[in-house]
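Geometric and topological summary
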Amino acid sequence: MTDKIKENEQLYEILESCLTAIGCPRGEFYPNKNFGSQLKKYSSQITERQALDFARQAVKDIDGVMVKSAEIVKNTAVFTILINNEEGQVTVKL
């Protein structure tokens, strides 16, 4: 397996971890009540800035990850994620 393929697999796995952290309602994960985000709690009146803040809080413990931006399109939040200077996106249904 080439380094580029391994790198892409690692990026995919990290994006999956980000999606899980952002999409999971904060306080509902039994082993860690601080895991997740408040995104869905406020989904009916959420602003893009609030979505960005909630996502950043959710992924703060994942090394090398930063949520660059958030966009609300209809009932969906789209987040642009930077992983060690590589860019990816995750989408969460509100």
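To be clear, the structure that these remarks concern was listed above.
Residues numbered from 1 in each chain as written. Predicted model: local features only at pLDDT ≥ 70, side-chain atom pairs only at ≥ 80, totals over all residues. Heavy atoms only, no water.

**Considering the layout of surface pockets**
When its volume is computed, the largest pocket comes out at roughly 160 Å³. N34, F35, G36, A58 and D61 are, among the 13 residues lining the largest pocket, the residues nearest its centre. Only α1 (3-23) and α2 (48-59) provide two or more residues apiece to the lining of the largest pocket. Per-element tally for the lining of the largest pocket: the top contributor is α2, with three residues. Its residues placed into classes, the lining of the largest pocket shows five nonpolar, five polar and three charged. (1 Å grid on protein atoms, 1.4 Å probe; cavity = no way out; pocket = protein on both sides within 12 Å on 5 of 7 lines; lining within 4 Å. Points joined across faces, edges and corners; volume = space filled by probe spheres on them. Helix = DSSP H or I, 4+ residues; strand = E, 2+ residues; numbered from the N terminus. Nonpolar A, V, L, I, M, F, W, Y, C, P; charged D, E, K, R; others polar.)

**Examining the environment of T80**
Within the secondary structure layout, T80 lies in strand β2 (residues 76-83). Spatially, the C-alpha atoms of T80 and L52 are 9.6 Å apart, while their sequence positions differ by 28 residues. Filtering out sequence-adjacent residues up to four positions away, T80 remains in contact with M66, V67, K68, S69, E87, G88 and Q89. (Contact = heavy atoms within 4.5 Å.)

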